[in-house]
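Listed here are the chains, written in short residue letters.
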Amino acid sequence: MHILVCGGAGYIGSHMARWLALRDHRVTVLDNLSTGHREAVQWGELVEADLLDRASLDRAFEGRRFDAVMHFCARSLVGESVQDPYAYYAANVSGTLHLLETMRRHGVDRLVFSSTAAVFGHPNSARIDEDHPKQPINPYGASKLMVERILADAAGAYGLRSVALRYFNAAGASPQATIGESHSPETHLIPNVLRAALGTGPALKVFGEDYATPDGTCVRDYVHVDDLAEAHLRALDYLDANAGAHAFNLGNGQGFSVREVIAAAEAVSGRKIPFSIEPRRAGDPAVLVAASDKARAALGWVPAYDRLEPILETALRWHRAQPY
Ligand code: UDP
């Protein structure tokens, strides 16, 4: 199949492009390179286009016949979304709407969409399944939930087939270390822990140790980026037999605290990680762990990386090489 990977120059999108190419699919990457990296586009053609520029989107679709779209483009920093919600609703909602309209004009009726655990807001159970109430607590989560709603309406009105995949904490890198996580500024725990270990970044700031968790630090569900890519492939297959709009939560189903991540990173790197305890970061729930039973049952998805250390090893390899 010929797949358009929107946001394919970014962290998860570039891993998707690789995964598709490994399975002999044809890939075209669409990206505006605002946060993505030209160097990350190693599989398929790069088309520079912006979801907020309809003409550039049309040009990307003209003369190319896509079987499906995988949509990773988004602004995704919770704190920034609180400070500048217009930018988030514009990029994530209006931008996606333009993409959907363009797909419709060009007769493309299959979409796999990057959603997020942030659609749930504060969790009211230890493991979050798809029926958990969706009450986002920041514009980022709200913007993704709005798109999920649009997808449901588009299924009814236009017959769009879609799967929204709600990632918990994407982590790790391709084992070859030619692509990986590279944000500026970097706000995510694992890159910050590893850069502190390698001395390529500052000492880690641990945001809060007074949460109602076993060691007082926040607990998250880390899922390897290649496992996410595999779930996308399976979601695409799922759409062959299933019309409508679907959503699945994707995580390992295991929670690790910030302190556990630090300890595991010290074990895999052999380095002591300098850190300080800081106040809580606004908007961080204490625990976010997925119940991915629905994805396992419907997609036959079983994460290959079910332990933290191998995930950290791939990330560490990337941070040692870090070509971009
Ligand atoms: N965190 C931290 N120091 C950092 C980055 C993150 O203590 O430099 C904590 C953060 O407060 C959260 C967890 O690590 O509890 C995971 O944060 P991340 O930003 O990686 O992902 P999120 O869960 O916010 O999507």
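Since we're looking at a predicted model, the values are computed, not measured.

Caption draft 1: Inspection of the overall build of the protein at higher detail. Scanning the protein from terminus to terminus reveals 10 helices and 14 strands. The C-alpha radius of gyration of the protein comes to 19 Å, within 12% of the 20 Å expected for a compact globule of 324 residues. For the C-alpha atoms alone, the extent of the protein along its principal axes is close to 55 × 40 × 40 Å. Within the protein, contacts between residues at least 6 apart in sequence are counted, and of these 78% link residues at least 24 apart. As presented, the protein carries roughly 13400 Å² of accessible surface, and 50% of it is formed by carbon and sulfur atoms. Each charge class in the protein can be summarised by its mean position, and for the 32 positive and 38 negative side chains these summaries are 1 Å apart.

Caption draft 2: Structural view of the pattern of salt bridges. Inspection of every chain in the model, using the stated rule, returns 19 salt bridges. Note that Arg 281 is salt-bridged to Asp 284, the shortest N-O span being 3.1 Å. Its relative accessible area of 37% is what places Arg 281 among the partly exposed residues. Salt bridges here are not isolated pairs; linked through shared partners, they connect Arg 23, Glu 230 and Arg 234.

Caption draft 3: Quick look at unusual backbone geometry. The omega torsion of the bond from Ser 184 to Pro 185 falls at 0 degrees, within 30 degrees of zero and hence cis. With respect to the element layout, Pro 185 can be found in the loop between strand E7 (169-171) and helix H6 (189-198). In this structure, Asp 24 takes a positive phi of about 70 degrees despite not being glycine. Counting through the fold element by element, Asp 24 comes out in the loop between helix H1 (11-22) and strand E2 (26-31). Residue class for Asp 24 comes out exposed when judged on its relative accessible area of 71%. Even without a glycine there, the phi angle at Ala 177 is positive, about 65 degrees.

Caption draft 4: Spatial organisation of the packing of aromatic side chains. This structure, assessed with the given rule, holds 3 aromatic pairs. Considering the side-chain rings of Phe 61 and Phe 66, the 5.2 Å spacing of their centres and the 85 degrees angle between planes classify their relative orientation as edge-to-face. Judged by relative accessible area, Phe 66 falls into the buried class, the value being 1%. Taking the ring centre of Tyr 211 as reference, the NZ or CZ of Arg 280 above it sits at 3.9 Å. It is Lys 294 that lies over the ring of Phe 248; its NZ or CZ is 4.9 Å from the centre.

Caption draft 5: Representation of the sheet that holds strand E6 (residues 161-167) in the model. Overall, parallel pairing links the 7 strands, which are arranged E3-E2-E1-E4-E5-E6-E11 in an open sheet. Every other strand in the sheet has two partners, leaving strand E3 (45-48) and strand E11 (245-250) as the edge strands with one partner each. On average, each strand axis in the sheet is tilted by 20 degrees relative to the strand beside it, whichever way the strands run. Where strand E1 (residues 2-6) and strand E4 (residues 68-71) come together, 4 bridges link them in parallel fashion. Its bridge partner being in E4, Ile 3 is matched across the sheet by Ala 68. Here helix H5 (residues 139-158) sits on the sheet in contact with strand E5 (110-116), E6 and E11, set at roughly 155 degrees to E5. Relative to E6, helix H7 (residues 225-241) is tilted by about 155 degrees, and along the sheet it contacts E1, E4, E5, E6 and E11.

Caption draft 6: Representation of the domain arrangement of the protein in the model. Each domain of the protein was delimited in the assignment, giving domain 1 (2-171 + 222-250) and domain 2 (189-220 + 253-321). Across the contact, 25 residues belong to domain 1 and 29 residues belong to domain 2. Here domain 1 packs against domain 2, burying approximately 2400 Å² in sum over the two surfaces, 65% of which is carbon and sulfur. Looking at the side of domain 1 facing domain 2, the largest losses of area belong to Arg 127, Tyr 222 and Asp 227, adding up to 30% of the total buried there. Where domain 1 packs against domain 2, one counts 1 salt bridge. Residues Arg 127 and Asp 293 are paired through a salt bridge, measuring 3.8 Å at the closest nitrogen-oxygen approach. Listing elements by their share of the side of domain 1 that touches domain 2, those giving two or more residues are E7, strand E10 (222-224), H7 and E11. Of all the elements, H7 adds the most residues to the side of domain 1 that touches domain 2, at 6 residues. Partitioned by chemical class, the residues of the side of domain 1 that touches domain 2 number 14 nonpolar, 5 polar and 6 charged.

Caption draft 7: Local environment of the site of the ligand. Taken together, 15 residues are adjacent to the ligand, and Leu 189, Lys 205, Arg 220, Arg 281 and Asp 284 come closest. Separating an oxygen atom of the ligand from a backbone N or O atom of Thr 187 is a distance of 3.4 Å. For the ligand, an oxygen atom lies 3.0 Å from a polar atom in the backbone of Phe 207. Here the ligand, which alone exposes 510 Å², has 87% of that area covered by the protein. Here the shell around the ligand is composed, by residue class, of 7 nonpolar, 4 polar and 4 charged.

Conventions adopted
- Residues numbered from 1 in each chain as written.
- Predicted model: local features only at pLDDT ≥ 70, side-chain atom pairs only at ≥ 80, totals over all residues.
- Heavy atoms only, no water.
- Helix = DSSP H or I, 4+ residues; strand = E, 2+ residues; numbered from the N terminus.
- Rg over C-alpha atoms; globule rule 2.2 N^0.38 Å.
- Contact = heavy atoms within 4.5 Å.
- Areas by Shrake-Rupley, 256 points an atom, 1.4 Å probe, with all protein chains shown as cover.
- Lys, Arg positive; Asp, Glu negative; His and termini not counted.
- Charge placed at Lys NZ, Arg CZ, Asp CG, Glu CD.
- Salt bridge = Lys/Arg side-chain N within 4 Å of Asp/Glu carboxyl O.
- Buried < 20%, exposed > 50% of the residue type's maximum accessible area, 1.4 Å probe, protein only.
- Phe/Tyr/Trp six-rings, centres within 6.5 Å; stacked < 30°, edge-to-face > 60°.
- Lys NZ or Arg CZ within 6 Å of the ring centre and 35° of its normal.
- Pairing = 2+ DSSP bridges.
- Axes fitted to C-alpha atoms, helices over the stretch in contact; angles between N-to-C directions.
- Domains from an automatic or database assignment.
- Buried area = accessible area lost by both parts, 1.4 Å probe.
- Nonpolar A, V, L, I, M, F, W, Y, C, P; charged D, E, K, R; others polar.
- Near = heavy atom within 4 Å.
- Polar contact = N/O pair within 3.5 Å; in protein donor to acceptor, adjacent residues only side chain to side chain.

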